[in-house]
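Okay, here's what each chain looks like letter by letter:
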Amino acid sequence: MAQALLLSFRKTGGTFTGLSNYARVFQDKTFQQCLFNTFFYFLIQVPIMLVLALILAQLLNSPKIRGKGIFRTLIFLPCATSLVSYSMIFKSLFAPDGVVNRVLTGIGLSSVDWFQSTWPARWVIVIALIWRWTGYNMVFYLAGLQNIDYSVYEASYIDGGATPFKQFTKITIPLLKPTILMTAIMSTSGTLQLFDESMNLTAGGPGKSTMTLAHYIYNISFVETPKFNYAAALSVCILVMVAILSAIQMKVGDKRD
Amino acid sequence: MTKMKSIVSYAVLIIASFLSAFPLYYMLCGATNTSIDVVRGRLYPGTYLAENFKTLVGMQNLGLAMFNSFRNAIIITFVALLVCSIAGYGFEIYHDKGKDILMNILLLA
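What counts as what
Residues numbered from 1 in each chain as written. Chains lettered and ligands numbered in written order. Predicted model: local features only at pLDDT ≥ 70, side-chain atom pairs only at ≥ 80, totals over all residues. Helix = DSSP H or I, 4+ residues; strand = E, 2+ residues; numbered from the N terminus. Buried ≥ 20, exposed ≤ 12 C-beta atoms within 10 Å, placed from the backbone. Contact = placed C-beta atoms within 7 Å. Nonpolar A, V, L, I, M, F, W, Y, C, P; charged D, E, K, R; others polar. Core = buried A, V, L, I, M, F, W, Y, C linked by C-beta atoms within 7 Å. pLDDT = per-residue confidence, 0-100.

1. A few points about the overall build of chain A
Part 1 of the reasoning: The number of helices and strands found in chain A is 13 helices and 0 strands.
Part 2 of the reasoning: The N-to-C order of helical and strand elements in chain A reads α-α-α-α-α-α-α-α-α-α-α-α-α.
Part 3 of the reasoning: Per-residue burial over chain A gives 28% buried out of 257 residues.
Part 4 of the reasoning: Here the analysis covers contacts within chain A between residues at least 6 apart in sequence; of these, 72% occur between residues at least 24 apart.

2. Here we look at the interface of chain B and chain A
Part 1 of the reasoning: With 17 residues of chain B at the interface, the matching set in chain A holds 26 residues.
Part 2 of the reasoning: Mapped by element, the contributors of at least two residues to the side of chain B that touches chain A are α1 (3-31) and α5 (97-108) of chain B.
Part 3 of the reasoning: Ranked by residue count, the leading element in the side of chain B that touches chain A is α1 of chain B, at 12 residues.
Part 4 of the reasoning: Taken together, the residues of the side of chain B that touches chain A break down into 12 nonpolar, 5 polar and no charged.

3. A short note on the nonpolar core
Part 1 of the reasoning: If you look at the biggest cluster of nonpolar residues, it comprises 48 residues, and the most contacted ones within it are A53, L56, A57, F90, V124 and I217 of chain A.
Part 2 of the reasoning: Sorting the residues of this core by element identifies α3 (29-61), α4 (68-76), α5 (83-93), α7 (118-146), α10 (177-192), α12 (213-223) and α13 (228-253) of chain A together with α1 of chain B as the ones contributing at least two each.
Part 3 of the reasoning: It is α3 of chain A that provides the largest number of residues to this core, a total of 12 residues.
Part 4 of the reasoning: The contacts of F90 of chain A, once residues within four sequence positions are left out, are V124, A128 and L201 of chain A together with P23 of chain B.

4. Describing the confidence of the model for chain B
In low-pLDDT segments, the atomic positions of the prediction should not be examined closely.
Part 1 of the reasoning: Looking at chain B, the pLDDT average stands at 81 and 92% of residues meet or exceed 70.
Part 2 of the reasoning: Scored as a whole, the predicted complex attains pTM 0.77, and scored at its interfaces, ipTM 0.71.

This is the structure in structure tokens:
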């Protein structure tokens, strides 16, 4: 990592050139597009996924549901798939004559050209990410939920007449804070460095509209004539972004006692 | 929990499980049909598994690939468990400011 930092301060050829690579970063149109894409995925996907995982975990934690094991396994199954194979499957599911479009026309809406237009392509990536990682986060929340003593809920119901919603917001969420913090940081760091879906599912999307930052770095380093120094500068930028976001999340959530 | 609530809970869980498992079922169908059927979007498993498998083995060295994956997975899991348990224990029990910073740097990587 330290070497990457050093690399980013030079030009190709090894001459020390200070911060010129970073200046170039700010003027790079492709970089701005990828930045927008990556942050779009981050801001839309992470909240939806974490909320879904929390709801599913809460449902699966209730003592009155039967068949918990089956539901848990089925919802966790997507995480066990390999990234490349699930990209292939999603590509074929969202093809112009694939299953998703057939369902859409079946219920009366018009079929969407998922991979040829910019916004549908972005939504395909968001959907794919949610599909894959909800089960993973749900398992974390389940473990956290099972650490909460049932008597706490009983006490709140008997002593205070708390409604289920109030129980959820005032008891469950505060007690789950460490788990929520951990999944939020992991999801943030993972989504900001997203590469596989952008590479395999949409290959950058029509034009560059679904390319993520990591995919762009890969292109600079290995596809076009390699400009490793510029790529190193970009990598440092991503690192700084992830660090800042994680620091914010830790300040908001962490308590050490 | 009221009857209504439990019905809604079951419905949500069933929908979530179906959506999670459907692409994998689709993959199973794809593996057992001919290419033409897959492109047309057939949703039932067929009987071409053996033939598809023969084509796959003919094109790639499947045995070597599987051996590599297994070897990597087993060794990495074992070593990671070992190192991370001890490291986590150390970070938590002997907690001080310096180790906090070190842990944050590690997380960043």
